[in-house]
Structures are given as C-alpha cells and as structure tokens.
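Okay, here's what each chain looks like letter by letter:
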Amino acid sequence: MNSNKIRFFRQRIPSFECIPGCHDCCGPVTTSSEEMARLPRKSAAEQEKALENLSCPHLGEQGCTVYMERPLICRLFGTTPALACPHGKRPQLMIDEKIEQQIHQFFKETRQVLV
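In this text, all values refer to a predicted model and were calculated from it rather than measured experimentally.

### Some thoughts on empty space enclosed by the protein
Over the atoms rolls a probe the size of a water molecule, and its path tells where empty space is left.
Thought 1: Within the structure shown, the criterion is met by one cavity of 30 Å³ or more.
Thought 2: Looking at the largest cavity, its volume works out to about 40 Å³.
Thought 3: As for the largest cavity, its lining consists of Q47, A50, L51, S55, P57, L114 and V115.
Thought 4: The greatest single-element share of the lining of the largest cavity, amounting to three residues, is contributed by helix α3 (residues 44-52).

Encoded structure:
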C-alpha cells in the first residue's frame, strides 16, 4: 500500500534543474522505512561521518548516488516555499499544496528513520 502512495507522490512532485555541484539541501534527513529499504545500506561509520558533516551518507563526489531512488523529502526540496532552495532554484510550477499536505500526512503516519 505504501509503495502505491510513494509512487503516486513521486509522480506529482515537480522536478527542476539544480545548480551543478550544489548539495546545500543534502543534509541529514529522515524517510519512511520502505523508502530506506530501497537504498543501499551504509556502514555505521559512513552514517556517523555523514552526520558529523551534516550531510547525507548517499552524497558522493559527483552528487547524490541514489538520485533515482532518493526519498520523498529530498524530492520536495525546492518545490515548495516551506523547503525553498537557498539559491532560488525551483520548478516552473511549484508542488500542488494539497499534494504537499498529503505527503506531510504520510510522513506523520509512517515510521521515519534517519537516512
């Protein structure tokens, strides 16, 4: 059931071009257990190092190493005034407010874990 919700939300979050090399939104985030299960496992040392750097353990030298499977929260950055890009990048049309509310409700209803 959550797979369908995640797919539904992913299809409704607009995309946009980021500034090449920018990773300002790639900090520590939480995600649903189901989305976490889609990501490669990182060692405790890798997770600890990322947390110390206020980064994501999936951030590599060339950017996000799990971009196609990145969690919903990562996809939301820059698509809503609540999670605005610090450089002003954004999609032509921001996310529909009702969809954003549904995503935040999904976050509240599902077990969240640190990426």
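### Comments concerning unusual backbone geometry
Thought 1: Residues other than glycine seldom take positive phi values, yet L54 does so here, at roughly 50°.
Thought 2: Secondary-structure assignment places L54 in the loop between α3 and β2 (59-60).

### A short note on the pattern of salt bridges
Thought 1: Going through the model one piece at a time under the given rule, you end up with four salt bridges.
Thought 2: Linking E109 and K5 is a salt bridge whose minimum nitrogen-to-oxygen distance equals 3.9 Å. Of the two residues, E109 sits in helix α5 (residues 97-109) while K5 sits in helix α1 (residues 2-12), which places them 104 residues apart along the sequence.
Thought 3: The residue E69 makes a salt bridge to R10 at a minimum N-O spacing of 3.3 Å. Here the residue E69 occupies a position in the loop between β3 (63-64) and α4 (72-76), and R10 occupies one in helix α1, the gap between them amounting to 59 residues.

### Section: α5
Thought 1: With 13 residues, α5 ought to run about 18 Å at 1.5 Å a step, and its terminal C-alpha atoms sit 18 Å apart, in line with that.
Thought 2: Burial in α5 covers these residues: I99, E100, I103, F106 and F107. Across the axial projection of α5, the buried residues extend over an arc of 115°, all falling on one side. Exposed residues pointing more than 90 degrees away from the buried face of α5 are listed as E97, K98, Q101, K108 and E109.
Thought 3: Buried-residue contacts for α5 involve α1, β1 (30-32), α4 and β4 (112-114).

### Quick notes on the layout of surface pockets
Thought 1: Computed from the structure, the largest pocket encloses a volume of approximately 670 Å³.
Thought 2: Sorting the residues of the lining of the largest pocket by element identifies β3 and α4 as the ones contributing at least two each.
Thought 3: In terms of residue class, the lining of the largest pocket is built from 22 nonpolar, ten polar and five charged.

### Comments concerning the packing of α1 against α5
Thought 1: Where α1 meets α5, the axes come as close as 11 Å, and the angle between the chain directions of the two elements is 150°. In the crossing of α1 with α5, the sense of the turn from one axis to the other is left-handed. Facing N2, K5, I6, F8, F9 and R12 of α1, the residues of α5 in contact are I99, Q102, I103, F106 and E109.
Thought 2: Of the residues assigned to the contact of α1 with α5, the class counts are six nonpolar, two polar and three charged.

### A word on the side chain of E35
Thought 1: By secondary structure assignment, the location of E35 is in helix α2 (residues 33-37).
Thought 2: R10 provides the closest opposite charge to the buried, salt-bridge-free E35, at an N-O distance of 4.2 Å.
Thought 3: Here the side chain of E35 touches T31 through a polar contact of 2.9 Å, side chain to side chain.
Thought 4: The contacts of E35, once residues within four sequence positions are left out, are I6, R10, R70, P71 and L72.

Rules behind the numbers
- Residues numbered from 1 in each chain as written.
- Predicted model: local features only at pLDDT ≥ 70, side-chain atom pairs only at ≥ 80, totals over all residues.
- Heavy atoms only, no water.
- 1 Å grid on protein atoms, 1.4 Å probe; cavity = no way out; pocket = protein on both sides within 12 Å on 5 of 7 lines; lining within 4 Å.
- Points joined across faces, edges and corners; volume = space filled by probe spheres on them.
- Helix = DSSP H or I, 4+ residues; strand = E, 2+ residues; numbered from the N terminus.
- Salt bridge = Lys/Arg side-chain N within 4 Å of Asp/Glu carboxyl O.
- Expected span 1.5 Å × (residues − 1).
- Buried < 20%, exposed > 50% of the residue type's maximum accessible area, 1.4 Å probe, protein only.
- Arc of directions from axis to C-beta.
- Contact = heavy atoms within 4.5 Å.
- Nonpolar A, V, L, I, M, F, W, Y, C, P; charged D, E, K, R; others polar.
- Axes fitted to C-alpha atoms, helices over the stretch in contact; angles between N-to-C directions.
- Left-handed = near helix turned anticlockwise from the far one by under 90°.
- Lys, Arg positive; Asp, Glu negative; His and termini not counted.
- Polar contact = N/O pair within 3.5 Å; in protein donor to acceptor, adjacent residues only side chain to side chain.

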